[in-house]
Amino acid sequence: MNSTPHLALIGAGIAGLSCATALQQAGLDVSLFDRSRDPGGRMNTRRGDGWQCDHGAQYFTARHPDFRAEVARWQQAGVAGLWTPRLWLFDGDSPAGRESTVERFVGTPAMTAPARYLASTLTVQATTSIQQLRHRAPGWQVFSAEHGWLETRFAAVLLAVPAPQAVPLLEQLAPELAALAGSAVMRGCWALLLRFAAPVDLPFDAAFVNQGPLRWIARNSSKPGRSGEETWLLHARAEWSEAHLEEDPESVAAALLYAFGQLGGPAPQEWTAHRWRYADTEPALAEGCAWRPEIGLGLCGDWLNGGKVEGAWRSGRTLAQQVLRSFARC
């Protein structure tokens, strides 16, 4: 490489962090922008006075050798650990415990920890919402709601955002990439965080639910490294969430708490509702990533690579490899 390319990467979820880390390790300059205050995307943890609860991704698996090696690195750094919950299944018949050979990992002491670990070596401009891109010699410029057009010219722009957020950025610049993002059907998810003054007396720590509005319930306090008050997390089914996406939190909470009670759960001391507008993709695409070297524009994200945390990490890493091959030829 004749000079050090400077790239803009929009989105500091796991896909963006994975991509940025690989590019920076290879010697490129990367400016990472995210509209949120903290990195991690849906690997998120809500905190309050004396309590915490993971309310996005609940755990992650590691099947591909490259991601297994990355998770081992996270474990060595103390930011991830193995979670072995007592797992049940509610499917309309008698509830039953499930023996599982699946290894489930979580961030420690909170789900945000791996993202914070990756971000610690990167240049992240938080609370910066990128709303427009333009491609003019000698490169790309980005426009943020907070700062207007940034003076920096970038050799490439990479998007690691939910598909619906990528579409308006791409429509005028790369219609084929906008069409790809537009083909991804992302669904919402209501999450309900429950706080209790004492441990809840239930015979399971997590359960898949195939009845009513719920899909997943978990005793967040059973995860390694957690502290503070007892907290539980309820996730609604995608179909139910989509049907009730614009309803007020109080009515959503009432429905989910009633369903939790039907499974033996007590009323919480307090609750907090959170709406994930773009929680998953059904079906998730299998493109891996998308890269247009002729203009220096790329896409990565879990929605492009089968969904889930592992898919996001691998999508970001795959995009970085393609970008590096392109710049190596310059």
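1. Considerations on the packing of helix H4 (residues 163–170) against helix H5 (residues 175–182)
Working step 1: Relative to each other, H4 and H5 sit at 160°, their axes nearing to 8 Å. On the basis of their axis angle, the class for H4 and H5 is roughly antiparallel. Crossing handedness for the pair H4 and H5: left-handed. Facing H4, whose interface residues are Ala163, Ala166, Val167 and Leu170, H5 presents Pro175, Leu177, Ala178, Ala181 and Gly182.
Working step 2: Split by residue class, the contact of H4 with H5 holds eight nonpolar, one polar and no charged.

2. Considering H4
Working step 1: Burial in H4 covers these residues: Ala163, Ala166, Val167, Leu169 and Leu170.
Working step 2: As for H4, its buried residues are in contact with strand S10 (130–136), strand S13 (156–159), H5, strand S14 (186–196) and strand S20 (297–299).

3. A short note on the environment of Ala156
Working step 1: Assignment of secondary structure puts Ala156 in strand S13.
Working step 2: A relative accessible area of 0% places Ala156 in the buried class.
Working step 3: Sequence-distant contacts of Ala156, that is, excluding residues within four places in its chain, are made with His6, Leu7, Ala8, Trp140, Trp291, Gly296 and Phe327.

Criteria and thresholds
- Residues numbered from 1 in each chain as written.
- Predicted model: local features only at pLDDT ≥ 70, side-chain atom pairs only at ≥ 80, totals over all residues.
- Heavy atoms only, no water.
- Axes fitted to C-alpha atoms, helices over the stretch in contact; angles between N-to-C directions.
- Helix = DSSP H or I, 4+ residues; strand = E, 2+ residues; numbered from the N terminus.
- Parallel < 35°, antiparallel > 145°, perpendicular 65-115°, else oblique.
- Left-handed = near helix turned anticlockwise from the far one by under 90°.
- Contact = heavy atoms within 4.5 Å.
- Nonpolar A, V, L, I, M, F, W, Y, C, P; charged D, E, K, R; others polar.
- Buried < 20%, exposed > 50% of the residue type's maximum accessible area, 1.4 Å probe, protein only.

By themselves, these figures tell us nothing about what the structure is for.
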